[in-house]
Amino acid sequence: MFEALIMEELLTLKDLLVKGDVQGALIVVEELTEMSRNDIIKTIRSYAVILLLHLIKQQAENRTTRSWEVSIRNSVREIQRENKRRKAGGYYFTPEELLEILAEAYLNAIDEASLEVEEGRYEVQELEKLVNQEEIINRALVLILPGESN
């Protein structure tokens, strides 16, 4: 679906450029940029939910497992990979923007964690009282940021 939309926009862009409609072409470029950005956000958010889920479980249960550690590392790597601009260099999202994405992902992560922490013992509201949301999100950000000690 996403690829079909991109292809359609690229064909429109080509047509506009051939016609010399630079203004119209710039509008299509903006649309393509926004579509790409939204797709990257969606992917990062998906990995952020997994990352946060395991950080919540670690804090709530005051323990960790090798499986959680591997999942955390893999999620961090995927977020870093998705955020890195390959050709232009640099990153798509600033630390502040990543923090916002993590905050959005936290809601899904705490929901999922309520099913897993101590085998689903806690409702979301109870689990929220056991963990420190700000601390967990900040920990995730530190793990994600390049050059930080992971």
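What you are looking at is a predicted structure, and each value in this text was computed from that prediction instead of being measured. (Residues numbered from 1 in each chain as written. Predicted model: local features only at pLDDT ≥ 70, side-chain atom pairs only at ≥ 80, totals over all residues. Heavy atoms only, no water.)

Digging into the overall build of the protein chain
Part 1 of the argument: Assigned secondary structure in the protein chain consists of six helices and zero strands.
Part 2 of the argument: Ordered by position in the sequence, the α and β elements of the protein chain form the string α-α-α-α-α-α.
Part 3 of the argument: Taking 150 residues into account, the globule formula puts the C-alpha radius of gyration at 15 Å, and the protein chain, at 19 Å, lies well above it.
Part 4 of the argument: Counting only C-alpha atoms, the protein chain reaches 65 × 30 × 25 Å along its principal axes.
Part 5 of the argument: Across the 150 residues that make up the protein chain, the buried fraction comes to 35%. (Helix = DSSP H or I, 4+ residues; strand = E, 2+ residues; numbered from the N terminus. Rg over C-alpha atoms; globule rule 2.2 N^0.38 Å. Buried < 20%, exposed > 50% of the residue type's maximum accessible area, 1.4 Å probe, protein only.)

Thoughts on the pattern of salt bridges
Part 1 of the argument: Under the counting rule described, the total for this entry stands at seven salt bridges.
Part 2 of the argument: We note a salt bridge from lysine 19 to aspartate 15, for which the minimum N-O separation is 3.1 Å. Here lysine 19 and its partner aspartate 15 are both found in helix α1 (residues 2–19), four residues apart, which amounts to about one turn of the helix.
Part 3 of the argument: Overall, lysine 19 belongs to the exposed group, its relative accessible area being 60%.
Part 4 of the argument: With a closest N to O distance of 2.5 Å, lysine 57 and glutamate 116 form a salt bridge. Highlighted residues: lysine 57 in helix α2 (residues 22–61) and glutamate 116 in helix α4 (residues 95–116), separated in sequence by 59 residues.
Part 5 of the argument: What makes lysine 57 buried here is its relative accessible area of 5%.
Part 6 of the argument: Given the relative accessible area of 37%, glutamate 116 is considered partly exposed. (Salt bridge = Lys/Arg side-chain N within 4 Å of Asp/Glu carboxyl O.)

Observations concerning the nonpolar core
Part 1 of the argument: Core analysis: the biggest nonpolar cluster contains 35 residues, and Leu51, Leu52, Ile56, Leu102, Tyr106, Leu127 and Val131 have the highest contact counts within it.
Part 2 of the argument: At the level of elements, α2, α3 (66–83), α4, α5 (124–130) and α6 (133–144) are the ones that each hand at least two residues to this core.
Part 3 of the argument: When residues of this core are assigned to their parent elements, the largest contribution, eleven residues, is made by α2.
Part 4 of the argument: In this view, tyrosine 106 contacts Leu52, Ile56, Val131, Gln133, Ile136 and Ile137; residues no more than four positions away in its chain are not counted.
Part 5 of the argument: Core analysis: the next-biggest nonpolar cluster, separate from the first, contains five residues, Leu16, Ala25, Val28 and Leu32 among them. (Core = buried A, V, L, I, M, F, W, Y, C linked by side-chain atoms within 4.5 Å. Contact = heavy atoms within 4.5 Å.)

Quick word on a nonpolar patch on the surface
Part 1 of the argument: Taken together, the side chains of Met7, Leu10 and Leu11 define a hydrophobic patch exposed on the protein surface, amounting to about 290 Å² of accessible area.
Part 2 of the argument: Within the secondary structure, methionine 7 is located in helix α1. (Patch = residues over 30% accessible without salt bridge, like charges linked within 9 Å, V, L, I, M, F, W, Y side chains within 5 Å. Areas by Shrake-Rupley, 256 points an atom, 1.4 Å probe, with all protein chains shown as cover.)

So, the packing of α2 against α3
Part 1 of the argument: Interhelical geometry of α2 versus α3 gives an angle of 155° and a closest axis separation of 9 Å. Taken together, α2 and α3 sit at an angle that is classed as roughly antiparallel. Regarding α2 and α3, the two cross each other, and that crossing is left-handed. Where α2 approaches α3, its residues Ile40, Thr43, Ile44, Tyr47, Ala48, Ile50, Leu51, His54, Leu55, Lys57, Gln58 and Glu61 are matched on the opposing element by Trp68, Glu69, Ser71, Ile72, Ser75, Val76, Glu78, Ile79, Glu82 and Asn83.
Part 2 of the argument: Taken together, the residues of the contact of α2 with α3 break down into eleven nonpolar, six polar and five charged. (Axes fitted to C-alpha atoms, helices over the stretch in contact; angles between N-to-C directions. Parallel < 35°, antiparallel > 145°, perpendicular 65-115°, else oblique. Left-handed = near helix turned anticlockwise from the far one by under 90°. Nonpolar A, V, L, I, M, F, W, Y, C, P; charged D, E, K, R; others polar.)

Focus: the packing of α4 against α6
Part 1 of the argument: At a minimum axis distance of 10 Å, the contact between α4 and α6 shows a crossing angle of 130°. The angle between α4 and α6 places the two elements in the oblique class. Seen along the crossing, α4 lies across α6 with a hand that is right-handed. On α6, the residues that touch Pro95, Leu98, Leu99, Leu102, Ala103 and Tyr106 of α4 are Gln133, Ile136, Ile137, Asn138, Ala140, Leu141 and Ile144.
Part 2 of the argument: Considering only residue class, the contact of α4 with α6 consists of eleven nonpolar, two polar and no charged.

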